[in-house]
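Coordinates in review
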Amino acid sequence: MDLQDLILTEEASVKQAVERLEKVRCRVVYVVKGKKLLASVSDGDVRRYTLSGADIEKKISCIANYSPSKVNEYEKEKSKEIFQRTELQSIPLVNLNDEIVGVIFRNGKIIREYKKMNVPVVMMAGGKGTRLHPYTKILPKALIPIGDIPISELIMNRFFECGCKDFYLLVNHKSAMIQSYFDNIDKKYNIRYFQETEPLGTGGGLSLLKDCVHQDFILTNCDILIDADYSSIYDMHCKKGNFITMVLSQYENNIPYGVVSIDKDNNYQGMTEKPSFQHLINTGVYVVNRQVVEDMPEQTQVNFPDMIELYRKQGKKIGCYIVNESAYMDMGQFEELEKMKERLNVL
């Protein structure tokens, strides 16, 4: 049985849910939108509905449970407590973007499925990480540990799980230490290093990759982890024909005060108590057309967002993929470093 055997979309009918439950001989199937978990449909839900004589050609949304039990894949031990207090036979595992990544069964068996994509990954690992002093007085930012694993290795391991095998590291500060570390660990992927003789910004280093990268690639910082389905991001990039796809994160900004509105004459117009505002922020992770490498001027400091704006003005299609706020983790500051450890359930 594969993970896909347990998954249906909201467009499926009750009849299809019955057929799927019969096929997998399991007591529950899960409803998704894209990869995001929406609901569950159990054999009991189906039985009660069919016994009522209702139309089985209707969509499963009419019987689905939109508050299903689930566990974060970094806290799988919580499934034991759920099994103890319920009669559930299986519980979906989700990542921090609420995408289903597996199912754990009462007997302890877990099924997972990763859609493979052999896409090059370019990692910017040359920064000094001054916001993480004094750690980065000793270690380069790329080697700051998250639990037992350096952040850059953790990022590469995630991409490798999705099928990525070729990594290109743009290095500068403490580059010998980074290369020495990766040259002395067991790994199943390939790493090539490109030395910036001077800092070239968040985009200029791409000029070093001419004649190396021959397809669209993923560009990421060495201190950012996106806990989402990378293959979905890449698939959307390809299907929509994007020149560049930006990965954005939802971000909620709460103001802990009453916000007052006034008119042009400073007369009071009203007050909103402790409002919150929703924003979309740039995570610093992109899917990039290989032509960008060819276009990048050599030995020139360039920030990648400036290149995006240039391409937009040229009429190139710039797409966006949005992830949950909790799925975006930036290790750039001490507070965020601790949040990353907490979300990934590491000490």
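Located above this text is the structure these notes cover.
Read on for an overview of the structure. This is a predicted model, so every value here is computed, not measured. (Residues numbered from 1 in each chain as written. Predicted model: local features only at pLDDT ≥ 70, side-chain atom pairs only at ≥ 80, totals over all residues. Heavy atoms only, no water.)

**Let's talk about the sheet that holds strand 12 (residues 190-195)**
Pairing within the open sheet is mixed, and its seven strands lie in the order 12-11-8-13-18-15-19. Both outer strands of the open sheet, strand 12 and strand 19 (318-323), are each paired with one neighbouring strand and no more. This sheet shows a mean twist of 30° between the axes of neighbouring strands, independent of strand direction. Running at roughly 170° to strand 12, helix 6 (residues 175-183) makes contact with strand 8 (121-125), strand 11 (166-171) and strand 12 of the sheet. (Pairing = 2+ DSSP bridges. Helix = DSSP H or I, 4+ residues; strand = E, 2+ residues; numbered from the N terminus. Axes fitted to C-alpha atoms, helices over the stretch in contact; angles between N-to-C directions. Contact = heavy atoms within 4.5 Å.)

**Observations regarding the pattern of salt bridges**
Counting across every chain of the model gives 17 salt bridges. Ionic pairing is found between Asp 229 and Lys 35, a salt bridge with its closest N-O pair at 2.6 Å. Of the two residues, Asp 229 is situated in the loop between strand 14 (224-226) and helix 7 (230-239) and Lys 35 in the loop between strand 2 (28-33) and strand 3 (36-42); the sequence distance between them amounts to 194 residues. For Asp 229, a relative accessible area of 15% gives the class buried. Since its relative accessible area comes to 24%, Lys 35 is described here as partly exposed. Linking Asp 45 and Arg 48 is a salt bridge whose minimum nitrogen-to-oxygen distance equals 3.0 Å. Of the two residues, Asp 45 and Arg 48 are both situated in helix 2 (residues 43-51); the distance of three residues between them amounts to about one turn of the helix. Given the relative accessible area of 56%, Arg 48 is considered exposed. One connected set of salt bridges, linked through shared partners, spans Glu 335, Glu 336 and Lys 339. (Salt bridge = Lys/Arg side-chain N within 4 Å of Asp/Glu carboxyl O. Buried < 20%, exposed > 50% of the residue type's maximum accessible area, 1.4 Å probe, protein only.)

**Let's talk about the nonpolar core**
Core analysis: the biggest nonpolar cluster contains 49 residues, and Phe 167, Leu 169, Phe 182 and Ile 226 have the highest contact counts within it. Per-element tally for this core: the top contributor is helix 5 (residues 151-161), with five residues. (Core = buried A, V, L, I, M, F, W, Y, C linked by side-chain atoms within 4.5 Å.)

**Here's the deal with helix 6**
Within helix 6, burial applies to Ser 175, Ile 178 and Phe 182. With its buried residues spanning 65° around the axis, helix 6 presents them on a single face. Turning to helix 6, the residues buried within the fold contact strand 8, helix 5, strand 11 and strand 12. (Arc of directions from axis to C-beta.)

**Some details on the layout of surface pockets**
In this structure, the largest pocket occupies an estimated 730 Å³ of space. Of all the secondary-structure elements, those providing two or more residues to the lining of the largest pocket are strand 6 (100-105), helix 5, helix 7 and strand 19. Ranked by the residues each element gives to the lining of the largest pocket, the list is headed by helix 7, at five residues. Its residues placed into classes, the lining of the largest pocket shows 14 nonpolar, seven polar and 15 charged. Of the volumes computed, that of the second largest pocket is approximately 480 Å³. Around the second largest pocket sit 25 residues that line it, and Met 124, Gly 127, Lys 141, Thr 202 and Asn 221 are the ones nearest its centre. Secondary structure elements with two or more residues in the lining of the second largest pocket: strand 8, strand 18 (276-288) and strand 20 (328-330). For the lining of the second largest pocket, the per-class residue count stands at ten nonpolar, ten polar and five charged. (1 Å grid on protein atoms, 1.4 Å probe; cavity = no way out; pocket = protein on both sides within 12 Å on 5 of 7 lines; lining within 4 Å. Points joined across faces, edges and corners; volume = space filled by probe spheres on them. Nonpolar A, V, L, I, M, F, W, Y, C, P; charged D, E, K, R; others polar.)

**A short note on the environment of Ile 244**
Relative to the elements of secondary structure, Ile 244 occurs in strand 15 (residues 244-254). The class for Ile 244 is buried, based on a relative accessible area of 0%. Distance from Ile 244 to Lys 35, taken between C-alpha atoms, is 22 Å for residues 209 residues apart in sequence. Setting aside anything within four residues of it in sequence, one finds Ile 244 in contact with His 237, Tyr 286, Val 287, Val 288, Val 292, Phe 304, Ile 308, Tyr 311, Lys 317, Ile 318 and Gly 319.

**Some words on the environment of Phe 182**
Structurally, Phe 182 is set in helix 6. Using a relative accessible area of 0% as the deciding quantity, one classes Phe 182 as buried. Sequence-wise, Phe 182 and Leu 143 are 39 residues apart; in three dimensions their C-alpha atoms are separated by 9.9 Å. If we ignore the near neighbours within four places in the chain, the residues touching Phe 182 are Leu 143, Ser 152, Glu 153, Met 156, Leu 169, Lys 187, Tyr 189, Ile 191 and Tyr 193.

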